[in-house]
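Residue-level structure breakdown
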Amino acid sequence: MQGYQTIWQKLKAWVDGEETLLHADDYIAKKGQKKPKKSRIRWKLEELKTNKTIYGFLCVLIAAVFIAIMLLVVRQLPTFGDPIDPANNEVMERYLEKGVEETGAINFVAGMILDYRAFDTFGEANVLFLAVMGVLLLLQKDEKNRSAAEEKEIAEDDFLERSDYKSILTVGAKVLTPVIILYGAYVILNGHLSPGGGFSGGTIIGAGLILYATAYGVDKVRMFLSFRRFTYINVGCLLTYFACKSYSFFTGANHVGYAIPKGTPGNILSAGFILPLNICVGLIVACTMYGFYALFTKGDI
């Protein structure tokens, strides 16, 4: 039992940063240097950590404050199913009656996501990009941070991928991948005219890339989708989205009048910025899906 307590105490000291401070103090003592003076705030924090009662009380208090704020927000939400809710009258009525006129999109969902709620969609696209960048920082591996066992495993995987080129998976991927990517492009480009759009079409393209990488290896995909191109595509699409909607927000808020022509509803070149925004979102989603697969399997894109 004493051993478990010792391990728990070491873990707690490591989480609180106390172990690092002790090592630093020992190093300074050995060098014969003076220990740096602790600031008043740091002294108070360390004193607070030693007082477990106050420390636990403050943790519970902060958690209770956040819970109370969330409960107050939930309390202010409209009642589900209430006929006088904005979602059941003004908002829905606006989408259905003015959607085609104001957005030019036959698909009401695309008009809502990329026009009425374009700011939210831009945030979601940024979340996807930041998520894959975060995973990249944590999982990316190269020759400098690979062990001998990992290098041997990678060499064995590469050998199997090259020697098993006539399997059912490779033949099926060779036939299905172009069809899947072509269908994903169709869903993206036709998203403002029929059910579809950037999120669903990008998911289909990402699945096609994953299928191809599973059959032929990540190195084959890297021949046309390297990390540099992956970064350029994501950053370029996010900046394009930002530029398009910033222009719309600025002109609309200031009543400048330089609105993007909506075109003829039902034509492929219509709906203003919705078509290029669908393309941007689709490319971001496709790259994000494949990026997660490549990082979790090979540790690199």
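A brief structural summary. (Residues numbered from 1 in each chain as written. Predicted model: local features only at pLDDT ≥ 70, side-chain atom pairs only at ≥ 80, totals over all residues. Heavy atoms only, no water.)

Another aspect to go through is the overall build of the chain. What the chain contains, in helices and strands, is 13 helices and 0 strands. Taken from the N to the C terminus, the helices and strands of the chain come in the order α-α-α-α-α-α-α-α-α-α-α-α-α. Of all 301 residues assigned to the chain, the portion counted as buried reaches 27%. Sequence-distant contacts, at least 24 apart, represent 67% of the contacts inside the chain between residues at least 6 apart. Carbon and sulfur atoms form 68% of the exposed surface of the chain, whose accessible area is close to 20400 Å². (Helix = DSSP H or I, 4+ residues; strand = E, 2+ residues; numbered from the N terminus. Buried < 20%, exposed > 50% of the residue type's maximum accessible area, 1.4 Å probe, protein only. Contact = heavy atoms within 4.5 Å. Areas by Shrake-Rupley, 256 points an atom, 1.4 Å probe, with all protein chains shown as cover.)

For the structure on display, the rule yields 8 aromatic pairs. Summarising the aromatic geometry, the rings of Tyr 95 and Tyr 116 are spaced 4.9 Å apart at their centres and angled 40 degrees between planes, so their arrangement reads as tilted. Of this pair, Tyr 95 sits in helix α5 (residues 90-103) while Tyr 116 sits in helix α6 (residues 108-116), and the two are 21 residues apart along the sequence. Here Phe 122 and Phe 242 contribute two aromatic rings whose centre-to-centre distance is 6.1 Å and whose plane-to-plane angle is 35 degrees, an arrangement assigned as tilted. Highlighted residues: Phe 122 in helix α7 (residues 118-139) and Phe 242 in helix α12 (residues 227-254), separated in sequence by 120 residues. Judged by relative accessible area, which is 19%, Phe 122 ranks as buried. (Phe/Tyr/Trp six-rings, centres within 6.5 Å; stacked < 30°, edge-to-face > 60°.)

Take the nonpolar core next. Counting residues in each nonpolar core, the largest one holds 37 residues, and the members touching the most others are Tyr 241, Tyr 290 and Ile 301. Residue assignment for this core shows that the elements contributing at least two residues are α6, α7, α10 (198-216), α11 (218-222), α12 and α13 (274-297). If we skip the residues at most four places from it in the chain, Tyr 290 touches Leu 209, Ile 210, Ala 213, Val 218, Val 221, Leu 225 and Ile 301. (Core = buried A, V, L, I, M, F, W, Y, C linked by side-chain atoms within 4.5 Å.)

Another point: unusual backbone geometry. With the exception of glycine, the majority of residues adopt a negative phi angle, and the majority of peptide bonds are in the trans configuration. Positive phi, normally seen in glycine, also occurs at Ala 271, with a value near 70 degrees. Relative accessible area serves as the criterion here: at 2%, Ala 271 is assigned to the buried category.

What follows covers the packing of α7 against α12. In contact at an axis separation of 11 Å, α7 and α12 are set at 160 degrees when each is read in the N-to-C sense. One finds that α7 runs roughly antiparallel with respect to α12. α7 and α12 meet at a crossing whose hand is left-handed. Mapping the contact onto sequence places Ala 118, Phe 119, Thr 121, Phe 122, Ala 125, Asn 126, Phe 129, Val 132, Met 133 and Leu 136 in α7 and Phe 227, Phe 230, Asn 234, Val 235, Leu 238, Tyr 241, Phe 242, Lys 245 and Phe 249 in α12. The class makeup of the residues in the contact of α7 with α12 is 15 nonpolar, 3 polar and 1 charged. (Axes fitted to C-alpha atoms, helices over the stretch in contact; angles between N-to-C directions. Parallel < 35°, antiparallel > 145°, perpendicular 65-115°, else oblique. Left-handed = near helix turned anticlockwise from the far one by under 90°. Nonpolar A, V, L, I, M, F, W, Y, C, P; charged D, E, K, R; others polar.)

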